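Tertiary structure, described
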Amino acid sequence: MGMNAEIEPKPVMETRLTHETHRVVTTLLMEAAGRPSVPPEALAQLRDFVVANLRHHHEVEDDWLWPQIAATAPEAGRALDGLGEEHKRLDAALDRLAAVDVTGLDAAGPDAAGPDAADVDARPVAEARRALREAAVAVRDTVHEHLAHEDPVLLPALRDHVTSAQWDEFARQVIATAPAVAGHLMIGLLDEVGTTAEVEAITMNLPPSARAVLPALRDQAIADLQVLRGDTPPNASPEQGPS
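Every value quoted in this text rests on a predicted model; they were computed, and no experiment measured them.

1. What to know about the side chain of Glu-61
Tracing the sequence through the fold places Glu-61 in helix H3 (residues 40–72). Among the polar contacts listed, one links the side chain of Glu-61 to the side chain of His-87, at a separation of 3.4 Å. Residue contacts for Glu-61: discarding those within four places in its chain leaves His-19, Trp-66, Pro-67, His-87, Glu-150 and Leu-154.

What follows is the structure, given as structure tokens:
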């Protein structure tokens, strides 16, 4: 991947990295939902991030990017239109994920302490986590399948039919309308899937005020991702990250 930042057009590189973050984060949510040590607030934050960002991503594709490609490359546009049904299936999977009652994860679990801990029925907690994991599996599977179909069509179309000026305008729209939900996680995920040069090329589009707090966003992302992966003690919980 080290040479990709030099040889790939910016639209291809940014889309490739964004899609890779979607693969990583949907897998992470599925795994974290089945990990008893992950605090409820961490799961809720990650769930909300996944729902908001995946919805936003495919909406801007549908509303702006795909029509832009179809206007100059009708054949590629028709191929992308054929993937529209997959966006509908993703919406349905995201609806199911968003509907999971994560407040049920707050009940005392097997690590509960105190005189009444033994009397707590852990079944509602287990059921809530199971519901979250099942919904996360459906989203993960849908996203991975969709990207396997979309990338072979979209990435060549971006390379051949989207100019740098068009992409810069698209990137400005994406940033201006990005959901304000745990945005630090996106920075952390980009750092994981991209090279330093690639991530710098993406984050240079951010407003100066956002770029000024990138170090803090990165620190918070590292801490929260460690918690989600079970790399910290069970009672360590992430602070609400910057949005």
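2. With respect to the packing of H3 against helix H11 (residues 214–228)
When two helices pack together, their arrangement is captured by the angle between the axes and the distance separating the axes. As a packed pair, H3 and H11 sit with axes 10 Å apart at the nearest point and diverge in direction by 110°. Of the possible angle classes, the one that applies to H3 and H11 is roughly perpendicular. Pair H3 / H11 crosses with left-handed handedness. Along its contact with H3, which presents Ala-42, Leu-43, Gln-45 and Leu-46, the element H11 presents Asp-224, Val-227 and Leu-228. Looking at the contact of H3 with H11, its residues break down into five nonpolar, one polar and one charged.

3. With respect to the pattern of salt bridges
Throughout the structure, instances matching the rule amount to 17 salt bridges. The salt bridge partner of Glu-14 is Lys-10, with a shortest N-O separation of 3.7 Å. With Glu-14 and Lys-10 both in helix H2 (residues 10–33) and four residues apart, this pair spans about one turn of that helix. Overall, Glu-14 belongs to the buried group, its relative accessible area being 7%. In this structure Lys-10 comes out as partly exposed when scored by relative accessible area, which is 26%. Measuring nitrogen to oxygen at the nearest pair gives 2.4 Å for the salt bridge that ties Arg-55 to Asp-95. Of this pair, Arg-55 sits in helix H3 while Asp-95 sits in helix H5 (residues 84–99), and the two are 40 residues apart along the sequence. Through salt bridges with shared partners, a single ionic network connects Glu-8, Arg-16 and Glu-198.

4. Quick word on the packing of H2 against H3
Where H2 contacts H3, the axes come no closer than 10 Å and their chain directions differ by 150°. Relative to H3, H2 is oriented roughly antiparallel. Like other packed secondary-structure pairs, H2 and H3 cross with a definite hand, here left-handed. Listed contacts from H3 to Thr-18, His-19, His-22, Val-25, Thr-26, Leu-28, Leu-29, Ala-32 and Ala-33 of H2 are Leu-43, Leu-46, Arg-47, Phe-49, Val-50, Leu-54, His-57 and Glu-61. In terms of residue class, the contact of H2 with H3 is built from ten nonpolar, five polar and two charged.

5. Focus: the packing of aromatic side chains
Applying the stated rule across the entire model yields two aromatic pairs. Ring geometry for Trp-64 against Phe-170: centres 5.1 Å apart, planes inclined by 20°, an arrangement best described as stacked. With Trp-64 in helix H3 and Phe-170 in helix H7 (residues 164–177), this pair connects stretches of sequence that are 106 residues apart. Across this residue pair, the class does not change: Trp-64 and Phe-170 are buried. In this structure an aromatic cluster arises from ring pairing among Trp-64, Trp-167 and Phe-170.

6. Here we look at the side chain of Thr-15
Along the chain, Thr-15 falls in helix H2. Those residues within four positions of Thr-15 in sequence are excluded, and the remaining contacts are Leu-154, Leu-155, Leu-158 and Trp-167.

7. Some words on H7
Over its 14 residues, H7 runs 20 Å from end to end, which matches the ideal 20 Å to within 8%, given 1.5 Å per residue. For H7, the full list of buried residues reads Trp-167, Phe-170 and Ala-171. The buried side chains of H7 occupy one side of the element, clustering within an arc of 100° when seen end-on. Facing away from the buried side of H7 by more than 90 degrees, the exposed set consists of Ala-165, Arg-172 and Ala-176.

8. A look at the environment of Arg-23
Secondary-structure assignment places Arg-23 in helix H2. Remark: the alpha-carbon pair of Arg-23 and Leu-147, spanning 124 residues in sequence, is separated by 8.5 Å. If we ignore the near neighbours within four places in the chain, the residues touching Arg-23 are His-144, Leu-147, Ala-148 and Asp-151.

Calculation criteria
- Residues numbered from 1 in each chain as written.
- Predicted model: local features only at pLDDT ≥ 70, side-chain atom pairs only at ≥ 80, totals over all residues.
- Heavy atoms only, no water.
- Helix = DSSP H or I, 4+ residues; strand = E, 2+ residues; numbered from the N terminus.
- Polar contact = N/O pair within 3.5 Å; in protein donor to acceptor, adjacent residues only side chain to side chain.
- Contact = heavy atoms within 4.5 Å.
- Axes fitted to C-alpha atoms, helices over the stretch in contact; angles between N-to-C directions.
- Parallel < 35°, antiparallel > 145°, perpendicular 65-115°, else oblique.
- Left-handed = near helix turned anticlockwise from the far one by under 90°.
- Nonpolar A, V, L, I, M, F, W, Y, C, P; charged D, E, K, R; others polar.
- Salt bridge = Lys/Arg side-chain N within 4 Å of Asp/Glu carboxyl O.
- Buried < 20%, exposed > 50% of the residue type's maximum accessible area, 1.4 Å probe, protein only.
- Phe/Tyr/Trp six-rings, centres within 6.5 Å; stacked < 30°, edge-to-face > 60°.
- Expected span 1.5 Å × (residues − 1).
- Arc of directions from axis to C-beta.

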